[in-house]
Every structure is written in C-alpha cells, then in structure tokens.
Amino acid sequence: MVDQKSFPPQKEGRFYLSEGGTETEILYKYGFELPQFAMLPLLDNPEAVSKMQEMYRNYLDVVAKHGMCALIGGLDYRASPDWGELLGYSPEGLSEANLKSIDFLREVANEYASDIPEILIQGLIGPRGDAYERNLSITENEAEDYHSVQLTILKQANVDLALALTFNNIPESIGVARAAKKIGVPLAISLSLDSTSKLNSGPSLAEAITTIDDETDLAPEFYLINCSHPLEYEPAIESGDWINRIRGVRPNASKMEKIALCQIGHLEEGDPVELGAQCGDLARRYPHMDIWGGCCGTWDTHLDQIAKNILGIGGK
C-alpha cells in the first residue's frame, strides 16, 4: 500500500497565506533574468539567492504579523521534464534542482519557526505546456506519466502538498491527480480562468471541478484559483456543492488580460487595497475558504492587504 500523506483539513480560525508572484517579483522588481520563466537557475546565483531570501522574509513577516499559518512554495513551477530539458538540465540535474528548491524554502522557513504557528512546504507543478495556451493535445495517460516524474521527487522531498498550479484543461488535471494518488503525494489543483471566466480550454470552473472529481474519485485534496483577477473569476463563482471544494484564491494584481500583461515588460501591481477588499468580500461569502495568496504582480504589500481583509480587520 502506498504511504499516503494528507493535507490538514479546514479548522475554524486557521488561515494559510501563500507567497505571491515569485517570478514577476524577481524579474521585474529586481531585474534577474528568468530563462523560460524558470526560477530554478537562480539557485546557482548567490546574489539571486540572497534577494530571494529577502523576498521570502518579507512575505513571512506578513504571515507572522497577522498570526496566520504559512503554505510556502514558489521555485519549482518549471521543474518538470520538458521544461528542464529546455533549461539544459539532465534528468539527474533536474531532480537535484527540485530538491534544492525545497531545501531553500525549508531553510528560510526555519527562521520563523517560533513566530508562525504552522509552516507547510509545497512543491509547485506547472502544466506541461504554456499556461496561457489551450494545451488540448495532452491526454490523461500522458499527463499521468509526465507529471509522475516531478511528483516522485516531491515525494522524496516529503513536501506537505504538491500544487498543480495554473492548470487550464481537464485531461491534464485528471492525469496529475491520478499520478499523485498512486505515488502518495497530497495534491491540490489550482485552475486559471481567462477573460471569459472559463478555463482557456473552454470548460466552466464548475464543470472542470465536477469532472475532475468524478474521474479521479475525489483524488485532489482541494482546489484553488490562481493567475486570475477577481474580474475574471468572480463571474465563475456560483452556488453548488462543488464550490466547497475550493479552499481559496491566489489572484493576479492587475486587471489586464494575461497575454497583454506578459508583453508590457514591467511589474503591474494594480491596486493592492482594492484587491485585498475583493478577497475579503469573497472570504465573507464563502467562510470555508482558508488558503490565500497572490500570483502575478503581487508580493508582501498585496498579501498584507489580503490578510487584513480576510481576517476581518479592515483594508486600510
């Protein structure tokens, strides 16, 4: 029998805060190049490591300030085989980089062991293709085989959660969920919505979650929404049993359409106060949601506003 670890269930009064948009912060605010939008190569750059440590301390300071728990990840989004090959990693080198990214998180998190009541480590799994493409060609079986590689490494790293981040089609989501179940890694799926308030591949949020759950026997621990502004995901939020499977959101800072956002070449921070208020409104309507964070364009300023609002202490 597979040794299956479980992610903690919801508990009244406990909220988790994840990091923001790691790539956009290090790229646009601090000027470090990201080949293939990958953080992994920066782990070999002492100057970049120092800056990332500073970034993560700023984030963890927000977690500690608000008495929240931390669900920390952010460096291994491009750590799957196809992306690793494009980056020039051998299979062994990619495995080492995966483990190194988790070690980085644990080291910086250890500094806050006495300041934050619970710190959980997550590994990020990005889609096999570009998150903004439709990725319709991948099958469930192909996705299961492909993502098993990184999931096996995350199992070795003993992460608390594997988060399939910015997924936008049903077959790949089913495949990664089946792989995680077989390997014994707790997995959540974070879906991304476009300007039509649907997955880029066409389904509605409700249809995607219901289908993935039906086809995997509820294998994902839960779902999130990420890389979407409230203008994109709010129209998709509707009543139904499926909404209880969503434990939170990690929104983009900007209202701009994603492709345009990628082409502007600078950090678009949007309105942190407004974003925090929008997250607070969602939290009041769906009090079961307990995992929050940010995506593109967000970091400690946005996370602070989000935390203030979901904890009900105002957004100013």
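Scroll up for the structure.
Residues numbered from 1 in each chain as written. Predicted model: local features only at pLDDT ≥ 70, side-chain atom pairs only at ≥ 80, totals over all residues. Heavy atoms only, no water.

**Quick look at the nonpolar core**
- Within the largest apolar cluster, 82 residues are counted, with the highest numbers of intra-cluster contacts made by Tyr59, Leu151, Leu187, Ile189, Leu205 and Trp292.
- Apart from the residues within four sequence positions on either side, tyrosine 59 is in contact with Leu17, Ser18, Glu19, Ala70, Leu71, Ile72, Trp299, Asp300 and Leu303.
- Phe7, Cys69, Leu71 and Phe222 belong to the second-largest nonpolar core, a separate cluster that totals 15 residues. (Core = buried A, V, L, I, M, F, W, Y, C linked by side-chain atoms within 4.5 Å. Buried < 20%, exposed > 50% of the residue type's maximum accessible area, 1.4 Å probe, protein only. Contact = heavy atoms within 4.5 Å.)

**Remarks on the sheet that holds strand S4 (residues 161-167)**
- Overall, parallel pairing links the eight strands, which are arranged S7-S6-S5-S4-S3-S2-S1-S8 in an open sheet. The sheet is open, and its two borders are formed by strand S7 (246-250) and strand S8 (291-292), each paired with just one other strand.
- The pairing of strand S2 (residues 69-72) with strand S3 (residues 119-125) spans three bridges and is parallel. Bridge pairing links leucine 71 to leucine 120 in S3.
- Strand contacts of helix H2 (residues 46-65): strand S1 (16-17) and S2, with the helix running at about 150° to S2, the strand carrying the most contacts.
- Most of the contacts of helix H6 (residues 170-183) go to strand S5 (residues 187-191), to which it runs at about 165°, and overall it touches S3, S4 and S5. (Pairing = 2+ DSSP bridges. Helix = DSSP H or I, 4+ residues; strand = E, 2+ residues; numbered from the N terminus. Axes fitted to C-alpha atoms, helices over the stretch in contact; angles between N-to-C directions.)

**Remarks on H2**
- Between its terminal C-alpha atoms H2 stretches 28 Å, which fits the 28 Å expected from 20 residues at 1.5 Å a residue.
- Buried residues in H2 make contact with S1, helix H1 (22-29), S2, helix H4 (91-110) and helix H11 (300-310).
- One side-chain oxygen of the residue at the start of H2 lies 3.0 Å from the amide nitrogen of glutamate 47, identifying that residue as asparagine 45. (Expected span 1.5 Å × (residues − 1). Polar contact = N/O pair within 3.5 Å; in protein donor to acceptor, adjacent residues only side chain to side chain.)

**Overview of empty space enclosed by the protein**
- Taken as a whole and assessed by the stated rule, the structure comprises one cavity of 30 Å³ or more.
- If you go around the largest cavity, the residues you meet are Glu25, Lys29, Glu269, Trp299, Asp300, Thr301 and His302.
- Where the lining of the largest cavity is concerned, the elements lending two or more residues are H1 and H11.
- For the lining of the largest cavity, the residue count by class is one nonpolar, two polar and four charged. (1 Å grid on protein atoms, 1.4 Å probe; cavity = no way out; pocket = protein on both sides within 12 Å on 5 of 7 lines; lining within 4 Å. Points joined across faces, edges and corners; volume = space filled by probe spheres on them. Nonpolar A, V, L, I, M, F, W, Y, C, P; charged D, E, K, R; others polar.)

**Quick look at the side chain of glutamate 172**
- Mapped onto the elements, glutamate 172 comes out in helix H6.
- We note that glutamate 172 is buried and unpaired, the nearest opposite charge coming from arginine 128 at a distance of 6.8 Å.
- Engagement of the side chain of glutamate 172 in a polar contact is seen with the backbone nitrogen of arginine 128, the distance being 2.8 Å.
- For glutamate 172, the contacting residues outside a window of four places in its chain are Pro127, Arg128, Ile138, Ala143, His147 and Phe167. (Lys, Arg positive; Asp, Glu negative; His and termini not counted. Salt bridge = Lys/Arg side-chain N within 4 Å of Asp/Glu carboxyl O.)

**Section: helix H5 (residues 140-157)**
- Under the 1.5 Å per step criterion, the end-to-end length of H5 is 25 Å for 18 residues, consistent within 8% with the ideal 26 Å.
- At serine 148, H5 is bent by approximately 40°, the largest bend along its length.
- Of the positions making up H5, those classed as buried are Ala143, Glu144, Tyr146, His147, Ser148, Gln150, Leu151, Ile153, Leu154 and Ala157.
- One or two steps after H5, the chain reaches asparagine 158, where phi turns positive at roughly 60°. (Bend = angle between axes of the 7 residues up to and from the residue.)

Remember, this is a structural readout, not a statement about activity or role.
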